[in-house]
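This is what each chain is made of:
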Amino acid sequence: MNPRDSHPVSLPIDLTIQILARLPTKSLLRFRSVCKLWREVLSQKQFVDLHFALSSRTRGVAIESPDHAASTPDLVCVDPILGVSAFSLDFLDDRVKIRASCNGLLCCSSVRSRGVYYVCNPMTREFRVLPRTRERPFTRSEPEYEATLVGLGFDPATWRIHVAIAGFHRSFGRWPRGGDRRLVCKVFDAATGAWTRFAASMCDEFTCMNRNQSVYAGCSMNWLTHCCRYVSVLDLENMLWGKITLPDEVLATQQGTRFYLLELEGSVSVVQMSRFWMSTWVLKDRAKEEWALVDRVNLRCIDGYAASVFPISQTKDVVFMATQKKILMHDRNSRVWKEVYGVEGNFTYPLWFSAFAFGSTLFPCRQGALGS
């Protein structure tokens, strides 16, 4: 026996990093305790970015429990490779509701305390409490405007966090109508640690589904309006609202179809649903408002669900759809449909209202970790 065979062989650190970067986030969190070197490596920005780049195709869905009696919501994560796993937000020590998701981070609002928002990573259990959106108490003369829109942005290149909330202001005793509608916006920037408030005139409406599906892309927040003729865009650098018109082909075939706004590999994407077809468009040039049709799926094989199925999350390879009680996954390469999650019993709250696009990452959200 060769004496050298009794000693373990150490892999080059570069090769070790490449192997570790391909492992699930949950495994990497356990491996932090293996040795000091691994803990340092797994905490470096270069490794976190590499892990995100290699795992970006495995984005799935996070489902929030509708059991409002619980002190914190139980969450279920559906991953196209790892399957179904459960986790919780009990580390927040507050009863919260998930309002937005972006690159593995969640934005949650406190149910008990108005104006309190959290940004957290449910995998690493790190969190950041944002400054209250309003210090003064709510009064009859100054009622709270409803936070109709909530968006979360996390830039993987700079690790910069933005949170945007917006609601229609109303004077006491009356609701705004028509041109009287004033949208009050507040944007939190982690670089300054403060909220910026501004207002804009807006006549748009947003459905409950539109509000839940905010997309962060190119330092802007995007929401699909109720009329489904354009995307409403909030420029986070200049604090300005704008519009991006949907493709002409979409506008010409609006009757009898539904529309949803999703993210696809860092770009804004619109999914058009009809009884038999699902068409996916991606915004290729924001300035020129140029869209490209990247996928078209026949829905006849899920005809029983086609009228009530909603797209929640997508990657280049798969798209996740929610029905009232099930999560379906469509493989864009094999064109195969599969049920990946379902609830039983007297479950009446539709899954599409409690499901968010989600993919586990190691990105930090604590103040001291940002930009490190």
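Higher on the page you've got the structure.
A brief structural summary.

Reading guide: rules and limits
- Residues numbered from 1 in each chain as written.
- Predicted model: local features only at pLDDT ≥ 70, side-chain atom pairs only at ≥ 80, totals over all residues.
- Heavy atoms only, no water.
- Helix = DSSP H or I, 4+ residues; strand = E, 2+ residues; numbered from the N terminus.
- Buried < 20%, exposed > 50% of the residue type's maximum accessible area, 1.4 Å probe, protein only.
- Areas by Shrake-Rupley, 256 points an atom, 1.4 Å probe, with all protein chains shown as cover.
- Pairing = 2+ DSSP bridges.
- Axes fitted to C-alpha atoms, helices over the stretch in contact; angles between N-to-C directions.
- Core = buried A, V, L, I, M, F, W, Y, C linked by side-chain atoms within 4.5 Å.
- Patch = residues over 30% accessible without salt bridge, like charges linked within 9 Å, V, L, I, M, F, W, Y side chains within 5 Å.
- Salt bridge = Lys/Arg side-chain N within 4 Å of Asp/Glu carboxyl O.
- Contact = heavy atoms within 4.5 Å.

1. Here we look at the overall build of the protein chain
For the protein chain, the count of helices and strands is six helices and 24 strands. Here the protein chain holds 372 residues, and the buried ones make up 50% of them. Of the roughly 18400 Å² that the protein chain leaves accessible, carbon and sulfur atoms contribute 51%.

2. Remarks on the sheet that holds strand 20 (residues 310-314)
Across the sheet, four strands lie side by side as 20-21-22-23; this open sheet has antiparallel pairing. Each edge of the open sheet carries a strand with a single partner, namely strand 20 and strand 23 (336-342). Direction aside, the axes of adjacent strands within the sheet are offset by 30° on average.

3. A word on unusual backbone geometry
Backbone geometry follows two general trends: most residues other than glycine have a negative phi, and most peptide bonds adopt the trans configuration. Of note in the backbone geometry, Asn103 takes a positive phi value of approximately 50° without being a glycine. Of note, Asn103 is situated in the loop between strand 4 (96-102) and strand 5 (105-110). Within the chain, Glu265 stands out as a residue other than glycine whose phi angle is a positive 50°. Examined against the element boundaries, Glu265 turns out to sit in the loop between strand 16 (258-264) and strand 17 (267-273). Using a relative accessible area of 54% as the deciding quantity, one classes Glu265 as exposed.

4. A closer look at the nonpolar core
With 46 residues, the main nonpolar core has Leu152, Ile161, Val163, Leu234 and Trp241 as its most contacted residues. Here this core takes six residues from strand 9 (residues 160-169), the largest share from any one element. Counting residues in each nonpolar core, the second largest holds 30 residues, with Val61, Ile327, Leu351 and Trp352 among its members.

5. A few points about a nonpolar patch on the surface
Taken together, the side chains of Leu11, Leu15 and Ile19 present a nonpolar region at the surface, about 260 Å² in accessible area. Its location among the elements puts Leu11 in the segment before helix 1 (13-20).

6. Quick notes on the pattern of salt bridges
Applying the stated rule across the entire model yields nine salt bridges. Salt-bridge contacts for Asp94 lead to Arg112; the nearest nitrogen and oxygen are separated by 3.0 Å. Taken together, the residues span a long stretch of sequence, with Asp94 in the loop between strand 3 (83-88) and strand 4 and Arg112 in the loop between strand 5 and strand 6 (117-121) at a distance of 18 residues. Residue class for Asp94 comes out buried when judged on its relative accessible area of 7%.

7. So, the environment of Val294
Residue placement: Val294 occurs in strand 19 (residues 290-298). Taking the C-alpha atoms as reference points, Val294 and Lys316, separated by 22 residues in sequence, lie 9.4 Å from one another. For Val294, the residues in contact, after removing those within four places along its chain, are Leu264, Thr280 and Val282.

8. Thoughts on the pairing of strand 10 (residues 182-189)
Where burial is concerned, most of strand 10 is hidden: seven out of the eight residues are buried. Two elements, strand 10 and strand 11 (residues 194-201), share eight bridges in a ladder whose sense is antiparallel. Residue pairing for strand 11: Val184 is matched across the bridge by Ala199.

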